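Structural features, examined
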Amino acid sequence: MKYRTHVVGGILASLMGVLAIQSLGVSLSPEHQGILIATSTFGSLVPDIDHQNSYIGTRARLTSKVVSSLCGHRGITHSPMIVSTFMFLAYCLFA
């Protein structure tokens, strides 16, 4: 996928998350909605950190090189378990 597709996916996922949270009767302030959308958008780019020519890989070259050498392309950074782990850690830090 190109980075634009990742970004659109992140935005759509965050909007669905906002709607899901609100459907539970929890009110999110506009600031919290913005934070959720921004972090989801950034987070949608992170799986491609393992590819040195990706949008995020070209901006974080050293990190990309290290992750790529340790994990290879489409390795652990594309794992649903890693995504779940980061979501849990974010929840623990910010809840």
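These remarks concern the structure in this document. (Residues numbered from 1 in each chain as written. Predicted model: local features only at pLDDT ≥ 70, side-chain atom pairs only at ≥ 80, totals over all residues. Heavy atoms only, no water.)

1. A look at a nonpolar patch on the surface
A surface patch of nonpolar side chains, amounting to about 310 Å² of accessible area, comprises Val-8, Ile-11, Leu-12 and Leu-15. Here Val-8 is to be found in helix H1 (residues 3–23). According to the relative accessible area criterion, Val-8 is partly exposed, its value standing at 45%. (Patch = residues over 30% accessible without salt bridge, like charges linked within 9 Å, V, L, I, M, F, W, Y side chains within 5 Å. Areas by Shrake-Rupley, 256 points an atom, 1.4 Å probe, with all protein chains shown as cover. Salt bridge = Lys/Arg side-chain N within 4 Å of Asp/Glu carboxyl O. Helix = DSSP H or I, 4+ residues; strand = E, 2+ residues; numbered from the N terminus. Buried < 20%, exposed > 50% of the residue type's maximum accessible area, 1.4 Å probe, protein only.)

2. Re the packing of aromatic side chains
Per the stated rule, a full pass over the model turns up one aromatic pair. Pairing Tyr-3 with Tyr-55 gives two aromatic rings, centres 4.1 Å apart and planes at 15°, and the pair type is stacked. Taken as a pair, Tyr-3 in helix H1 and Tyr-55 in helix H3 (residues 55–59) lie far apart in primary sequence, 52 residues in all. Its guanidinium or amino end placed over the ring of Tyr-55, Arg-59 lies 3.7 Å from that ring's centre, counting from NZ or CZ. (Phe/Tyr/Trp six-rings, centres within 6.5 Å; stacked < 30°, edge-to-face > 60°. Lys NZ or Arg CZ within 6 Å of the ring centre and 35° of its normal.)

3. Quick word on the environment of Ser-23
Relative to the assigned elements, Ser-23 resides in helix H1. Taking C-alpha positions, Ser-23 is 24 Å from Val-7, a pair spaced 16 residues apart along the chain.

Remember that the coordinates give geometry; whether it matters functionally is a separate question.
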